[in-house]
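# Observations on chain architecture
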Amino acid sequence: MLRTSASRVLDDNDREEVLALLDLDPVANVFVASRVRSVGLNSARLGGQMWGFGPRGGLTSLCYAGANLVPVNAGLEAVQAFAERARRQGRRCSSIVGPVQAVEPMWEILQPYWGPARAIRRQQPVMRIASAPLAAPDPLVRRVRPDEFDALLPACVAMFTEEVGVSPDTGDGGALYRTRVAELIRIGRSYARLDGRQVVFKAEIGAVTPQACQIQGVWVHPERRGQGHAVAGMAAVVDQALRYFAPVVTLYVNDFNHPARAVYRKVGFTEVGTFMSVLF
């Protein structure tokens, strides 16, 4: 049994303090901050719990415990407290993801209870850009329309399967994933280049705050790779993101995905941190 100060479940009374803590690193915390800004800290709306470490008025660390387990600003003592709560609760998440300095010791604690993991991505560079892209944007990349959902969905499933290693159709038959794809289209955060009904390039802006937004789901049709679509497509999405969503655009990528990292550097992204993901 770990001996550590206890974490606690936060609620909407903690919202302003939580947001202040998240704003200390708006790039690393963009996903969690977007959830809190959108729905608050009520567990039913949040789709999970927000755990805090430190008393009210003296909050030092957070951990989002939903579909993902995401530590925020967590030193070793906080990591131990969050890991102990997670161990007692039992695994409910599909991944642990966040800064490597927090996720690595958290996984060391949880591995005897939750292991083995399906995959571990120990080094995932976090990248950002806050100025016009260095490459020329593809003028044919645009927002996806709701009537193009059926054309986009197979590309999204292919991207997810290629990136994560399992199909999003497992478990609930893909219902939740389809809902998310449709929602991103509806709110104007899904971008693609379509030649007829074929998706050549696609990407989504998955999380948005006033300080930053995060690109996800970058994919080029296998038959169209090596033709410059990734660089031009990403430049187009960055251009749109900076115009309409936030002053900083961020993403994270597997360290072994050298082609993707080269694309992002050509667009103008620079590396500013490192994430780690444990996938179940």
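For clarity, every value in this text was computed on a predicted model and none was experimentally measured. (Residues numbered from 1 in each chain as written. Predicted model: local features only at pLDDT ≥ 70, side-chain atom pairs only at ≥ 80, totals over all residues. Heavy atoms only, no water.)

With that out of the way, let us pick up the overall build of the protein chain. Secondary structure assignment for the protein chain yields nine helices and 12 strands. Computed over the C-alpha atoms, the radius of gyration of the protein chain is 19 Å, within 12% of the 19 Å expected from 2.2 N^0.38 for a compact globule of 280 residues. Expressed along its principal axes, the backbone C-alpha trace of the protein chain runs to roughly 60 × 35 × 35 Å. Every one of the 280 residues in the protein chain was classed for burial, and the buried ones make up 51%. When contacts within the protein chain are restricted to residue pairs at least 6 apart in sequence, long-range pairs at least 24 apart make up 69% of them. Counting every atom, the protein chain has about 12800 Å² of accessible surface; 51% of that belongs to carbon and sulfur. (Helix = DSSP H or I, 4+ residues; strand = E, 2+ residues; numbered from the N terminus. Rg over C-alpha atoms; globule rule 2.2 N^0.38 Å. Buried < 20%, exposed > 50% of the residue type's maximum accessible area, 1.4 Å probe, protein only. Contact = heavy atoms within 4.5 Å. Areas by Shrake-Rupley, 256 points an atom, 1.4 Å probe, with all protein chains shown as cover.)

With that out of the way, let us pick up the pairing of strand 6 (residues 119-129). Summarising the sheet, strand 6 and strand 12 (residues 270-279) pair through eight bridges and their orientation is antiparallel. Its bridge partner being in strand 12, Gln124 is matched across the sheet by Phe275. (Pairing = 2+ DSSP bridges.)

Examined against the element boundaries, Arg128 turns out to sit in strand 6. For the pair Arg128 and Leu152, spaced 24 residues apart in sequence, the C-alpha separation works out to 26 Å. Leaving out residues up to four positions away in the same chain, Arg128 has contacts with Val27, Val248, Val249, Thr250, Gly268, Phe269, Thr270 and Val272.

This paragraph deals with the state of the cysteines. For the structure shown, the criterion picks out zero disulfides. Considering cysteine sulfurs only, Cys213 is the nearest to Cys156, which forms no disulfide, with 18 Å between them. Owing to a relative accessible area of 2%, Cys156 belongs among the buried residues under this scheme. (Disulfide = S-S within 2.5 Å.)

A word on unusual backbone geometry. Of the consecutive residues Gly115 and Pro116, the connecting peptide bond is found in the cis state with omega at -5°. Its place among the elements puts Pro116 in the loop between helix 5 (100-114) and strand 6. Of note in this structure, Asn73 is not a glycine but carries a positive phi near 55°. Among the structural elements, Asn73 can be located in the loop between strand 4 (68-72) and helix 4 (76-89).

Spatial strand order, 1-2-3-4-5-12-6-11-10-9-8-7: 12 strands in an open sheet with mixed pairing. Every other strand in the sheet has two partners, leaving strand 1 (8-9) and strand 7 (142-143) as the edge strands with one partner each. Taken together, the two bridges between strand 4 and strand 5 (residues 95-99) define a ladder with parallel strand orientation. Residue pairing in the sheet places Leu69 in a bridge with Ile96 of strand 5. Helix 7 (residues 175-186) rests against strand 8 (190-195), strand 9 (198-208) and strand 10 (213-220) of the sheet, and its axis sits at about 85° to strand 9. (Axes fitted to C-alpha atoms, helices over the stretch in contact; angles between N-to-C directions.)

Another point: the domain arrangement of the protein chain. A common way to state how big an interface is: give the accessible area lost once the parts meet. When its domains are assigned, the protein chain resolves into domain 1 (8-115) and domain 2 (142-273). Taking only C-alpha atoms, the centre of domain 1 and the centre of domain 2 are 25 Å apart. Counting residues at the interface gives nine residues for domain 1, matched by 12 residues for domain 2. Among the residues domain 1 hides against domain 2, the three largest losses belong to Val27, Val30 and Arg37. Together they make up 57% of the total. If you look at where domain 1 meets domain 2, you find zero salt bridges. (Domains from an automatic or database assignment. Buried area = accessible area lost by both parts, 1.4 Å probe. Salt bridge = Lys/Arg side-chain N within 4 Å of Asp/Glu carboxyl O.)

Our next topic: the pattern of salt bridges. Under the defined criterion, the tally for this structure stands at 19 salt bridges. Here Glu148 ties to Arg145 by a salt bridge, and the two come within 3.2 Å at their closest N and O atoms. Owing to a relative accessible area of 4%, Glu148 belongs among the buried residues under this scheme.

The UniProt record annotates "domain: N-acetyltransferase" (unreviewed entry) at residues 139-280. Split by type, residues 139-280 is 38% helix and 29% strand. Its first and last C-alpha atoms lie 39 Å apart. (UniProt positions renumbered as here; feature names shortened; annotations may be inferred.)

The next thing to look at is the environment of Arg178. Relative to the helices and strands, Arg178 resides in helix 7. Among the residues examined, Arg178 registers a relative accessible area of 32% and is labelled partly exposed. Measuring from C-alpha to C-alpha, the distance between Arg178 and Gly233 comes to 23 Å, with 55 residues separating the pair along the chain.

Moving on, we come to the nonpolar core. With 28 residues, the main nonpolar core has Ile215, Met234, Val237, Val249, Tyr264 and Phe269 as its most contacted residues. Counting only elements with at least two residues in this core, the list comes to strand 6, strand 9, strand 10, helix 8 (229-244), strand 11 (249-252) and helix 9 (258-267). Element by element, the count of residues in this core is highest for helix 8, at seven residues. Each residue touching Val249, except ones within four places of it in the same chain, is listed here: Met127, Arg128, Ile129, Cys213, Ile215, Val238, Ala241, Leu242 and Phe269. Residues Leu69, Ala81, Ala83 and Val103 belong to the second largest nonpolar core, which totals 25 residues. (Core = buried A, V, L, I, M, F, W, Y, C linked by side-chain atoms within 4.5 Å.)

Once that is clear, we can look at helix 5. Since the α-helix packs 3.6 residues into each turn, any two residues three or four apart lie on the same face. Compared with the 21 Å implied by 1.5 Å per residue over 15 residues, the 18 Å span of helix 5 between its first and last C-alpha is markedly short. For helix 5, the principal kink sits at Glu108 and spans about 40°; a proline, Pro112, occurs within the next four residues. Taken residue by residue, helix 5 has Val100, Ala102, Val103, Pro105, Met106, Trp107, Ile109, Leu110 and Trp114 as its buried positions. Close packing links the buried residues of helix 5 with strand 3 (61-65), strand 4, helix 4, strand 5, strand 6 and strand 12. (Expected span 1.5 Å × (residues − 1). Bend = angle between axes of the 7 residues up to and from the residue.)

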